[in-house]
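Chain by chain, the residues:
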Amino acid sequence: MTGHEKTVPMQQMRRDKRLDPEHRMRLDTAIHMQGRGWMTGRDGGRPWTLSRTNRVVACLGALVILLLISPILLGLALAIKFSSPGPVMFVQKRTGYRGRMFGMYKFRTMVANAEELKESLRHLNKHGADAIDFKIDKDPRITGIGGFLRRSSLDELPNLINVVMGDMRLVGPRPTSFNAYRYKDNHLARLSIYPGMTGLWQISGRSNIDFDQRVELDLSYIAEQSLLLDLKILLKTPFKVFSGHGAS
């Protein structure tokens with residue numbers, strides 16, 4: 001499980017759901033957790049992160065936010081379109097709940113062929129060439145306006161579409177761009193809940209911490225999950241975003 005392993009193609013991922021019982025067993029063993037009802041506290045109930053209430057609240061909240069910020073989204077889309085060639089939106093395959101792959105919507109912040117250039121820049125990975133997490137300081141693929149969008153995290157606003165679609169929640173572990181096959185066994189437990197737009201990682205250090213530390217924060221969130229904790233994270237997130245702390 002090193003950074004040199006190839007990402008498994010989507011078609012193979014679909015086949016493996018039926019034909020790779022060993023991988024399914026590995027996932028099921030790692031992410032099994034005894035549910036505790038978020039309202040009653042009883043064992044066997046739905047925890048907050050997997051509750052229908054969370055799904056409805058997140059969806060309605062995302063719809064309201066999208067409506068309120070629609071003029072900002074339009075302005076950013078026009079700025080991206082006229083500043084560099086390529087599409088306005090970037091849809092990247094991410095790993096979500098129980099290792100399921102989905103397309104995550106973001107504003108494009110890099111040159112159109114950024115994914116093709118990734119392997120040639122792996123030696124610049126700030127977490128190490130063999131790390132599964134991929135971050136580069138002063139990434140040469142980032143466009144002029146893309147740098148601003150990333151520092152302000154405005155590029156992630158289209159994630160609200162994924163919240164409405166049900167692939168994500170407002171709060172939860174950040175979905176990774178590498179699939180569950182690349183996860184170590186002690187990483188898989190973070191897939192026991194839906195990924196989120198923000199979480200403990202974003203308010204505790206963001207991209208300045210490595211993946212193992214991110215997993216520790218994710219597991220801490222899973223253990224302490226509640227409506228109150230989500231509200232605290234959502235209230236703290238804008239202050240961290242506007243300060244640009246840890247953004248890249």
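You'll find the structure just up there.
Our subject in this report is the structure included herewith. The shown structure was predicted, so the numbers you read here are calculated from the model rather than taken from an experiment.

Definitions and limits used
- Residues numbered from 1 in each chain as written.
- Predicted model: local features only at pLDDT ≥ 70, side-chain atom pairs only at ≥ 80, totals over all residues.
- Heavy atoms only, no water.
- Helix = DSSP H or I, 4+ residues; strand = E, 2+ residues; numbered from the N terminus.
- Buried < 20%, exposed > 50% of the residue type's maximum accessible area, 1.4 Å probe, protein only.
- Areas by Shrake-Rupley, 256 points an atom, 1.4 Å probe, with all protein chains shown as cover.
- Core = buried A, V, L, I, M, F, W, Y, C linked by side-chain atoms within 4.5 Å.
- Contact = heavy atoms within 4.5 Å.
- 1 Å grid on protein atoms, 1.4 Å probe; cavity = no way out; pocket = protein on both sides within 12 Å on 5 of 7 lines; lining within 4 Å.
- Points joined across faces, edges and corners; volume = space filled by probe spheres on them.
- Nonpolar A, V, L, I, M, F, W, Y, C, P; charged D, E, K, R; others polar.

Here the focus is the overall build of the chain. Looking only at helices and strands, the chain has 10 helices and four strands in total. Listing each helix as α and each strand as β along the chain from the N terminus yields α-α-α-α-β-β-α-α-α-β-β-α-α-α. Burial analysis of the chain (248 residues in total) assigns 48% to the buried set. Carbon and sulfur atoms provide 60% of the accessible area of the chain, an area that totals close to 13200 Å².

Moving on, we get to the nonpolar core. Within soluble globular proteins, side chains that are nonpolar tend to cluster in buried spots. By size, the foremost hydrophobic cluster in this structure holds 29 residues, and its most contacted members are Phe107, Leu160, Val163, Leu170, Tyr221 and Ile233. When residues of this core are assigned to their parent elements, the largest contribution, four residues, is made by helix 4 (residues 70-83). Apart from the residues within four sequence positions on either side, Leu160 is in contact with Ala62, Ile65, Leu66, Ile69, Leu170 and Met197. Counting 10 residues, the second-largest nonpolar core is a separate cluster that includes Ile31, Ile132, Leu188 and Leu191.

The next point concerns the layout of surface pockets. The volume enclosed by the second largest pocket comes to roughly 630 Å³. Taken together, 19 residues line the second largest pocket, and the ones lying closest to its centre are Leu157, Met197, Thr237, Pro238 and Val241. Within the residue set of the lining of the second largest pocket, elements represented by two or more residues are strand 4 (196-198) and helix 10 (227-243). When residues in the lining of the second largest pocket are grouped by element, the largest group, five residues, is from helix 10. Across the lining of the second largest pocket, the residue classes break down as 12 nonpolar, five polar and two charged.

Any functional reading would require information that these geometric values do not contain.
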